[in-house]
Amino acid sequence: MDKKLRKAVIAGNWKMNKTPAETTALINEMKPLVKDADCDVVLCVPYVDIAAAVEAAKDSNIKIGAENVHFKASGAYTGEISAEMLVASGVEYVVVGHSERRQYFGETDQTVNLRTLAAVNAGLTAIVCVGETLEQRELGYTETLLKYQTKMALTNVTADQLKNIIVAYEPVWAIGTGVTATADQADEGNGFVRAAIAEVYGEDVANSVTVQYGGSMNAKNADELVAKVNVDGGLIGGASLKAEDFSIIVKAASK
Ligand code: PGA
(Lines give C-alpha, C1' and ligand atoms only; values in the text may rest on other atoms or scores of the structure.)
Protein backbone atom coordinates (compact mmCIF):
# COMPACT_ATOMS: atom_id res chain seq x y z
CA MET A 1 0.00 0.00 0.00
CA ASP A 2 1.46 3.33 -1.03
CA LYS A 3 1.20 5.97 1.65
CA LYS A 4 2.09 8.63 -0.90
CA LEU A 5 -1.35 8.19 -2.45
CA ARG A 6 -2.73 10.07 0.52
CA LYS A 7 -2.32 13.53 1.90
CA ALA A 8 -0.98 13.77 5.43
CA VAL A 9 -3.04 16.27 7.39
CA ILE A 10 -2.10 17.72 10.76
CA ALA A 11 -5.14 19.33 12.35
CA GLY A 12 -5.24 21.11 15.67
CA ASN A 13 -8.37 20.83 17.77
CA TRP A 14 -8.35 23.73 20.19
CA LYS A 15 -11.49 22.54 22.03
CA MET A 16 -12.82 25.20 24.45
CA ASN A 17 -9.65 27.29 24.56
CA LYS A 18 -8.52 30.75 23.37
CA THR A 19 -10.26 34.09 22.96
CA PRO A 20 -10.21 35.88 19.58
CA ALA A 21 -7.23 37.99 20.65
CA GLU A 22 -5.34 34.90 21.82
CA THR A 23 -6.25 33.20 18.54
CA THR A 24 -4.64 35.98 16.51
CA ALA A 25 -1.51 35.86 18.65
CA LEU A 26 -1.13 32.06 18.49
CA ILE A 27 -1.69 31.84 14.73
CA ASN A 28 0.79 34.66 14.13
CA GLU A 29 3.31 32.70 16.18
CA MET A 30 2.61 29.49 14.26
CA LYS A 31 2.66 30.88 10.72
CA PRO A 32 6.44 31.17 10.26
CA LEU A 33 7.01 27.85 12.02
CA VAL A 34 4.76 25.81 9.69
CA LYS A 35 5.18 27.71 6.42
CA ASP A 36 7.36 25.02 4.81
CA ALA A 37 5.06 22.14 5.71
CA ASP A 38 4.81 19.30 3.25
CA CYS A 39 1.44 18.29 4.64
CA ASP A 40 -1.88 20.07 5.06
CA VAL A 41 -2.10 22.19 8.20
CA VAL A 42 -5.49 22.89 9.76
CA LEU A 43 -6.58 24.59 12.98
CA CYS A 44 -10.08 23.81 14.27
CA VAL A 45 -11.11 26.59 16.61
CA PRO A 46 -14.14 27.62 18.69
CA TYR A 47 -16.91 29.34 16.71
CA VAL A 48 -16.25 32.74 18.24
CA ASP A 49 -12.60 32.56 17.17
CA ILE A 50 -13.30 31.76 13.52
CA ALA A 51 -13.26 35.34 12.25
CA ALA A 52 -9.97 36.11 13.99
CA ALA A 53 -8.47 32.79 12.83
CA VAL A 54 -9.47 33.27 9.19
CA GLU A 55 -8.04 36.79 9.22
CA ALA A 56 -4.78 35.75 10.91
CA ALA A 57 -4.29 32.75 8.60
CA LYS A 58 -4.92 34.74 5.43
CA ASP A 59 -1.99 34.42 2.98
CA SER A 60 -0.58 31.46 4.88
CA ASN A 61 -0.74 27.68 4.44
CA ILE A 62 -2.93 27.29 7.55
CA LYS A 63 -6.54 26.33 6.87
CA ILE A 64 -9.27 27.00 9.40
CA GLY A 65 -11.80 24.50 10.70
CA ALA A 66 -14.69 24.47 13.16
CA GLU A 67 -15.22 21.94 15.95
CA ASN A 68 -18.79 20.97 15.15
CA VAL A 69 -21.62 21.66 12.69
CA HIS A 70 -25.37 21.24 12.80
CA PHE A 71 -27.11 19.11 10.20
CA LYS A 72 -30.00 21.46 9.37
CA ALA A 73 -29.55 24.34 6.96
CA SER A 74 -31.36 26.87 9.17
CA GLY A 75 -34.24 27.18 11.61
CA ALA A 76 -35.19 27.02 15.27
CA TYR A 77 -32.09 25.28 16.64
CA THR A 78 -30.91 27.61 19.36
CA GLY A 79 -27.18 27.58 19.82
CA GLU A 80 -26.40 25.65 16.65
CA ILE A 81 -24.36 26.66 13.58
CA SER A 82 -25.01 25.43 10.03
CA ALA A 83 -22.53 24.26 7.43
CA GLU A 84 -23.49 27.17 5.16
CA MET A 85 -22.70 29.62 7.96
CA LEU A 86 -19.27 28.05 8.38
CA VAL A 87 -18.52 28.18 4.65
CA ALA A 88 -19.61 31.83 4.55
CA SER A 89 -17.22 32.53 7.42
CA GLY A 90 -14.20 31.17 5.56
CA VAL A 91 -14.12 27.76 7.24
CA GLU A 92 -12.89 24.80 5.15
CA TYR A 93 -12.82 21.92 7.65
CA VAL A 94 -14.98 20.73 10.51
CA VAL A 95 -14.53 18.12 13.24
CA VAL A 96 -17.53 15.80 13.45
CA GLY A 97 -18.33 13.24 16.14
CA HIS A 98 -15.48 13.99 18.50
CA SER A 99 -15.67 11.65 21.49
CA GLU A 100 -16.23 14.62 23.80
CA ARG A 101 -19.36 15.47 21.77
CA ARG A 102 -20.46 11.85 21.94
CA GLN A 103 -19.72 11.58 25.66
CA TYR A 104 -20.94 14.93 27.02
CA PHE A 105 -23.44 16.18 24.44
CA GLY A 106 -25.44 13.15 23.45
CA GLU A 107 -23.98 12.79 19.97
CA THR A 108 -24.96 9.47 18.40
CA ASP A 109 -23.79 7.55 15.36
CA GLN A 110 -26.92 8.86 13.58
CA THR A 111 -26.29 12.52 14.35
CA VAL A 112 -22.62 12.11 13.49
CA ASN A 113 -23.72 10.76 10.11
CA LEU A 114 -26.15 13.66 9.55
CA ARG A 115 -23.50 16.22 10.48
CA THR A 116 -20.99 14.53 8.18
CA LEU A 117 -23.45 14.67 5.27
CA ALA A 118 -24.31 18.31 5.97
CA ALA A 119 -20.61 19.20 6.02
CA VAL A 120 -19.65 17.50 2.77
CA ASN A 121 -22.80 18.64 0.98
CA ALA A 122 -21.84 22.22 1.83
CA GLY A 123 -18.31 21.71 0.48
CA LEU A 124 -16.53 21.41 3.82
CA THR A 125 -14.01 18.69 4.57
CA ALA A 126 -15.26 16.68 7.54
CA ILE A 127 -12.81 15.24 10.06
CA VAL A 128 -14.91 12.36 11.34
CA CYS A 129 -13.82 10.96 14.70
CA VAL A 130 -14.17 7.35 15.79
CA GLY A 131 -12.67 5.50 18.72
CA GLU A 132 -13.17 2.87 21.36
CA THR A 133 -13.32 3.31 25.13
CA LEU A 134 -10.92 1.45 27.37
CA GLU A 135 -13.71 -0.90 28.40
CA GLN A 136 -14.55 -1.72 24.77
CA ARG A 137 -10.86 -2.37 24.07
CA GLU A 138 -10.49 -4.64 27.09
CA LEU A 139 -13.57 -6.61 26.05
CA GLY A 140 -12.00 -7.16 22.63
CA TYR A 141 -14.45 -5.04 20.65
CA THR A 142 -12.02 -2.52 19.14
CA GLU A 143 -12.21 -3.78 15.56
CA THR A 144 -15.98 -4.32 15.64
CA LEU A 145 -16.61 -0.92 17.18
CA LEU A 146 -14.29 1.01 14.86
CA LYS A 147 -15.76 -0.62 11.77
CA TYR A 148 -19.31 0.01 12.98
CA GLN A 149 -18.68 3.65 13.88
CA THR A 150 -16.89 4.27 10.57
CA LYS A 151 -19.64 2.72 8.46
CA MET A 152 -22.39 4.46 10.42
CA ALA A 153 -20.69 7.85 10.10
CA LEU A 154 -20.31 7.37 6.34
CA THR A 155 -23.82 6.12 5.60
CA ASN A 156 -25.03 7.68 2.30
CA VAL A 157 -21.68 9.35 1.71
CA THR A 158 -20.73 8.72 -1.94
CA ALA A 159 -17.29 7.53 -3.03
CA ASP A 160 -16.80 10.93 -4.63
CA GLN A 161 -17.68 12.75 -1.40
CA LEU A 162 -15.10 10.65 0.44
CA LYS A 163 -12.50 12.95 -1.13
CA ASN A 164 -13.75 15.50 1.38
CA ILE A 165 -13.66 13.15 4.35
CA ILE A 166 -10.83 12.54 6.77
CA VAL A 167 -11.36 9.90 9.44
CA ALA A 168 -9.57 10.37 12.75
CA TYR A 169 -9.03 7.29 14.89
CA GLU A 170 -9.04 8.58 18.43
CA PRO A 171 -9.03 5.96 21.17
CA VAL A 172 -11.10 7.57 23.94
CA TRP A 173 -8.66 6.36 26.59
CA ALA A 174 -5.82 8.30 24.90
CA ILE A 175 -7.53 11.68 24.57
CA GLY A 176 -6.20 14.34 26.89
CA THR A 177 -4.87 11.65 29.21
CA GLY A 178 -1.20 11.75 28.27
CA VAL A 179 -1.55 8.04 27.48
CA THR A 180 -0.77 7.67 23.79
CA ALA A 181 -1.58 4.55 21.84
CA THR A 182 1.61 2.81 20.82
CA ALA A 183 2.54 3.33 17.20
CA ASP A 184 1.45 -0.25 16.52
CA GLN A 185 -1.93 0.27 18.24
CA ALA A 186 -2.47 3.46 16.23
CA ASP A 187 -1.53 1.70 13.00
CA GLU A 188 -3.85 -1.19 13.80
CA GLY A 189 -6.79 1.08 14.70
CA ASN A 190 -6.29 3.15 11.57
CA GLY A 191 -6.08 -0.11 9.63
CA PHE A 192 -9.49 -1.19 10.98
CA VAL A 193 -10.95 2.13 9.84
CA ARG A 194 -9.44 1.70 6.39
CA ALA A 195 -10.67 -1.89 6.20
CA ALA A 196 -14.21 -0.72 7.01
CA ILE A 197 -14.01 1.83 4.19
CA ALA A 198 -12.69 -0.90 1.86
CA GLU A 199 -15.61 -3.18 2.75
CA VAL A 200 -18.05 -0.52 1.54
CA TYR A 201 -16.17 1.38 -1.18
CA GLY A 202 -13.41 -1.03 -2.29
CA GLU A 203 -9.66 -1.09 -1.72
CA ASP A 204 -8.70 1.66 -4.15
CA VAL A 205 -11.01 4.20 -2.57
CA ALA A 206 -9.98 3.12 0.94
CA ASN A 207 -6.32 3.57 0.07
CA SER A 208 -6.95 7.16 -0.97
CA VAL A 209 -8.66 8.28 2.26
CA THR A 210 -6.64 10.19 4.85
CA VAL A 211 -6.90 8.46 8.23
CA GLN A 212 -5.43 10.40 11.13
CA TYR A 213 -4.49 9.25 14.60
CA GLY A 214 -5.44 11.39 17.59
CA GLY A 215 -4.95 11.07 21.33
CA SER A 216 -2.04 12.64 23.18
CA MET A 217 0.03 13.02 20.02
CA ASN A 218 2.84 15.39 20.85
CA ALA A 219 6.21 16.75 19.78
CA LYS A 220 7.97 13.70 21.21
CA ASN A 221 5.88 10.83 19.85
CA ALA A 222 4.69 12.28 16.51
CA ASP A 223 7.63 10.98 14.47
CA GLU A 224 7.01 7.38 15.42
CA LEU A 225 3.23 7.61 14.97
CA VAL A 226 3.16 9.29 11.57
CA ALA A 227 5.82 6.92 10.25
CA LYS A 228 3.27 4.09 10.36
CA VAL A 229 1.81 3.08 7.02
CA ASN A 230 -1.81 3.65 8.03
CA VAL A 231 -1.26 6.91 9.94
CA ASP A 232 -1.74 9.89 7.63
CA GLY A 233 -1.17 12.67 10.11
CA GLY A 234 -2.95 13.54 13.32
CA LEU A 235 -5.71 15.35 15.14
CA ILE A 236 -3.96 17.20 17.92
CA GLY A 237 -5.58 18.61 21.05
CA GLY A 238 -3.32 19.84 23.84
CA ALA A 239 -0.16 20.11 21.74
CA SER A 240 -1.93 22.31 19.17
CA LEU A 241 -2.15 25.09 21.76
CA LYS A 242 1.64 25.49 21.74
CA ALA A 243 3.14 26.90 18.55
CA GLU A 244 6.47 25.16 18.79
CA ASP A 245 5.09 21.73 19.72
CA PHE A 246 2.52 21.94 16.94
CA SER A 247 5.19 22.90 14.41
CA ILE A 248 7.34 19.92 15.43
CA ILE A 249 4.37 17.62 14.74
CA VAL A 250 3.83 19.32 11.37
CA LYS A 251 7.52 18.74 10.55
CA ALA A 252 7.21 15.06 11.53
CA ALA A 253 4.33 14.64 9.07
CA SER A 254 6.26 16.48 6.35
CA LYS A 255 9.06 13.91 6.12
P1 PGA B 1 -5.28 15.39 22.86
O2 PGA B 1 -6.68 15.53 22.13
O3 PGA B 1 -4.22 15.53 21.78
O4 PGA B 1 -5.24 16.52 23.85
O5 PGA B 1 -5.25 14.06 23.49
C6 PGA B 1 -6.89 14.95 20.87
C7 PGA B 1 -8.30 15.22 20.44
O8 PGA B 1 -9.20 15.21 21.28
O9 PGA B 1 -8.55 15.44 19.24
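One structure accompanies this document, and this report is about it.

1. Topic: the site of the ligand
Point 1. Near the ligand there are 13 residues, and of these Lys 15, His 98, Glu 170, Gly 176 and Ser 216 occur at the shortest range.
Point 2. Within the contact set of the ligand, an oxygen atom lies 2.7 Å away from a side-chain nitrogen or oxygen of Glu 170.
Point 3. At 2.9 Å from an oxygen atom of the ligand is found a main-chain nitrogen or oxygen belonging to Gly 238.
Point 4. Coverage of the ligand by the protein amounts to 95% of the 280 Å² it exposes when considered alone.
Point 5. Partitioned by chemical class, the residues of the shell around the ligand number 4 nonpolar, 7 polar and 2 charged.

2. Comments concerning the packing of aromatic side chains
Point 1. Inspection of every chain in the model, using the stated rule, returns 2 aromatic pairs.
Point 2. Relative to Phe 105, the ring of Tyr 104 lies with its centre 6.4 Å away and its plane at 90°, an arrangement referred to as edge-to-face.
Point 3. The class of Tyr 104 is exposed, set by a relative accessible area of 54%.
Point 4. Residue Phe 105 is classed as exposed on the basis of its relative accessible area of 53%.
Point 5. Here the aromatic rings of Tyr 169 and Tyr 213 are separated by 6.2 Å at their centres, their planes lie at 65°, and the arrangement is edge-to-face. Taken together, the positions of Tyr 169 in strand 6 (residues 165-169) and Tyr 213 in strand 7 (residues 210-214) put the pair 44 residues apart, joining distant regions of the chain.
Point 6. Of the residues examined, Tyr 169 reaches a relative accessible area of 0% and is grouped as buried.

3. Regarding the pattern of salt bridges
Point 1. Counted according to the given criterion, the structure contains 17 salt bridges.
Point 2. Close ionic contact of Asp 40 with Lys 7 constitutes a salt bridge, the shortest N to O distance being 3.4 Å. With Asp 40 in strand 2 (residues 40-44) and Lys 7 in the segment before strand 1 (9-13), this pair connects stretches of sequence that are 33 residues apart.
Point 3. For Glu 80, the salt bridge is made with Arg 115, and the minimal N-O distance between the two is 3.8 Å. With Glu 80 in the loop between strand 3 (62-66) and helix 3 (83-88) and Arg 115 in helix 5 (residues 109-121), the pair connects residues that are 35 residues apart, well separated along the chain.
Point 4. Assessed through its relative accessible area of 30%, Glu 80 is described here as partly exposed.
Point 5. Linked by salt bridges that have partners in common, Glu 80, Arg 101, Glu 107 and Arg 115 make up one network.

4. Section: the side chain of Gln 149
Point 1. Turning to its location among the elements, Gln 149 is positioned in helix 7 (residues 142-153).
Point 2. Polar contacts involving the side chain of Gln 149 include one to the main-chain amide nitrogen of Gly 131, which spans 2.8 Å.
Point 3. Among all residues touching Gln 149, those that are not within four sequence positions of it are Arg 102, Asp 109, Val 130 and Gly 131.

5. Re the nonpolar core
Point 1. Of all hydrophobic cores here, the largest spans 67 residues; its most connected members are Ile 27, Leu 43, Ile 62, Ile 165, Ile 197, Tyr 213 and Phe 246.
Point 2. When residues in this core are grouped by element, the largest group, 7 residues, is from helix 8 (residues 183-201).
Point 3. Not counting the four nearest positions on each side in its chain, Ile 165 is found in contact with Thr 116, Val 120, Thr 125, Ala 126, Val 128, Leu 154, Val 157, Val 209 and Thr 210.
Point 4. Of all hydrophobic cores here, the second largest spans 11 residues; its members include Val 9, Tyr 93, Val 95 and Cys 129.

6. Digging into the pairing of strand 7
Point 1. Of all the 5 residues making up strand 7, 5 are buried; the element is thus mostly covered by neighbouring parts of the structure.
Point 2. Residues of strand 7 alternate between two faces, with Thr 210, Gln 212 and Gly 214 on one and Val 211 and Tyr 213 on the opposite face, all of them buried.
Point 3. The pairing of strand 7 with strand 8 (residues 233-236) spans 2 bridges and is parallel. Note on strand 8: the bridge partner recorded for Gly 214 is Leu 235.

7. Observations regarding the state of the cysteines
Point 1. Applying the stated criterion to the full structure yields 0 disulfides.
Point 2. Cysteine Cys 44 remains unbridged, with the sulfur of Cys 129 as its closest cysteine sulfur at 8.9 Å.

8. As for the packing of helix 1 (residues 20-34) against helix 2 (residues 50-57)
The geometry of a pair of packed helices is captured by two quantities: the angle between their axes and the separation between those axes.
Point 1. Running from N to C, helix 1 and helix 2 cross one another at 25°; their axes reach a closest spacing of 8 Å. It follows from the interaxial angle that helix 1 and helix 2 lie roughly parallel. Seen along the crossing, helix 1 lies across helix 2 with a hand that is right-handed. Residues Pro 20, Thr 23, Thr 24, Ile 27, Asn 28 and Lys 31 of helix 1 touch helix 2, and the partners they reach there are Ala 52, Ala 53, Ala 56 and Ala 57.

Criteria and cut-off values
- Residues numbered from 1 in each chain as written.
- Predicted model: local features only at pLDDT ≥ 70, side-chain atom pairs only at ≥ 80, totals over all residues.
- Heavy atoms only, no water.
- Near = heavy atom within 4 Å.
- Polar contact = N/O pair within 3.5 Å; in protein donor to acceptor, adjacent residues only side chain to side chain.
- Areas by Shrake-Rupley, 256 points an atom, 1.4 Å probe, with all protein chains shown as cover.
- Nonpolar A, V, L, I, M, F, W, Y, C, P; charged D, E, K, R; others polar.
- Phe/Tyr/Trp six-rings, centres within 6.5 Å; stacked < 30°, edge-to-face > 60°.
- Buried < 20%, exposed > 50% of the residue type's maximum accessible area, 1.4 Å probe, protein only.
- Helix = DSSP H or I, 4+ residues; strand = E, 2+ residues; numbered from the N terminus.
- Salt bridge = Lys/Arg side-chain N within 4 Å of Asp/Glu carboxyl O.
- Contact = heavy atoms within 4.5 Å.
- Core = buried A, V, L, I, M, F, W, Y, C linked by side-chain atoms within 4.5 Å.
- Pairing = 2+ DSSP bridges.
- Disulfide = S-S within 2.5 Å.
- Axes fitted to C-alpha atoms, helices over the stretch in contact; angles between N-to-C directions.
- Parallel < 35°, antiparallel > 145°, perpendicular 65-115°, else oblique.
- Left-handed = near helix turned anticlockwise from the far one by under 90°.

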